[in-house]
Amino acid sequence: MSRLIIEAGRSERHYWRDLWRYRELFYFLAWRDLLVRYKQTVVGVAWSLIRPLLTMAVLTIVFGKLGRMPSGGAPYPLLVFCGMLPWQFFANALSESGNSLVANSNLISKVYFPRLVVPASSIVTSFVDFVISGAFLILLMLWYSAVPPIQIVALPAFVLLGVSASLGIGLWVAALMVEYRDFRFVLPFVVQFGLYISPVGFFSSIVPSQYRLLYSLNPIVGVIDGFRWCILGGEHVIYWPGLAMSCGTVVLSLSTGVWYFRRTERSFADVI
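Scope of this entry: the structure provided in the associated data block.

Conventions and cut-offs
- Residues numbered from 1 in each chain as written.
- Predicted model: local features only at pLDDT ≥ 70, side-chain atom pairs only at ≥ 80, totals over all residues.
- Heavy atoms only, no water.
- Helix = DSSP H or I, 4+ residues; strand = E, 2+ residues; numbered from the N terminus.
- Buried < 20%, exposed > 50% of the residue type's maximum accessible area, 1.4 Å probe, protein only.
- Polar contact = N/O pair within 3.5 Å; in protein donor to acceptor, adjacent residues only side chain to side chain.
- Contact = heavy atoms within 4.5 Å.
- Expected span 1.5 Å × (residues − 1).

Further remarks concern the side chain of Ser-198. Along the chain, Ser-198 falls in the loop between α9 (183–197) and α10 (209–215). When its relative accessible area of 1% is taken as the criterion, Ser-198 is described as buried. A polar atom in the side chain of Ser-198 sits 3.0 Å from the side chain of Asn-218. Leaving out residues up to four positions away in the same chain, Ser-198 has contacts with Trp-87, Tyr-215, Asn-218, Ile-220 and Ile-224.

See the structure below:
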């Protein structure tokens, strides 16, 4: 027979063990978010393709046709979609995780569980959209007869890098949004602005060399460059100092995000 032990400070000492114990709650919240997103929708999972496809068309016209940006020998729609795939995941995961605590305020204010479960589970929905869009990318590559290079085997590492970047920054936003509700107005603007300062519709190599390392402080830059290097190859080479900078930014955002989230977590039930 299991026993419930109530002891001061026990939840702090066993926090990471509790995360594993509450894994079923993680699965339930993730499954619930998936059902809510696609239930009673006209086109269902096609929404996962409509947004990136429309954005790809716009960016292809603006940067490819009008701006005549270099494509490195790859078809411009394919170049853009390889950038849209990680960016769309990052933007959706950031928005979902950032709003997750406020959206689950009734649950958080009533029972104890490691609150980290909530923003972490919200990323699953965005990852499902990412997988669906990835399937379309395969069709797009078949259409253009594009064969991925040998470095495609490194793609999971860049997927993990994108997940870590989304979770790290998402934890910061989720914790701040509990205390400062006006962040819900700031977040959409940041996501929209980030689309244009990230190399989604163009090569990051067009950034002047003296600013490129600074530009790589944007964590999604390394992820997008890595995706194109793994999927397109050819002239799409990685700027390794920039990748190291992006990785460092991701590690910093994830570690500090967990630290700040844990620091403010005990007050969530009181202020939410």
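With that settled, the discussion passes to the environment of Gly-242. Topologically, Gly-242 is positioned in helix α12 (residues 240–264). Considering only alpha carbons, one finds Gly-242 and Asp-129, 113 residues apart in sequence, at a separation of 28 Å. Ignoring sequence-local partners within four residues, the contact set of Gly-242 consists of Leu-213 and Ser-216.

Moving on, we come to unusual backbone geometry. Positive phi outside glycine occurs at Ser-145, with the angle close to 55 degrees. Structurally, Ser-145 is set in the loop between α7 (117–143) and α8 (155–179).

Once that is clear, we can look at the environment of Phe-189. Structurally, Phe-189 can be placed in helix α9. Considering only alpha carbons, one finds Phe-189 and Leu-66, 123 residues apart in sequence, at a separation of 25 Å.

A few words on helix α11 (residues 219–231). For α11, which comprises 13 residues, the first-to-last C-alpha distance of 19 Å matches the rise-based estimate of 18 Å (1.5 Å per residue) to within 8%. With respect to burial, α11 is a largely interior element, twelve of its 13 residues being buried. Inspection of α11 places Pro-219, Ile-220, Val-221, Gly-222, Val-223, Ile-224, Asp-225, Gly-226, Phe-227, Arg-228, Cys-230 and Ile-231 among the buried residues, and these make up the whole buried set. The inward-facing, buried residues of α11 contact α5 (76–103), α7, α8, α10 and α12. Count one or two residues on from α11 and you reach Gly-233, which has phi positive near 65 degrees.

Spatial relationships are all this shows, so hold off on functional conclusions.
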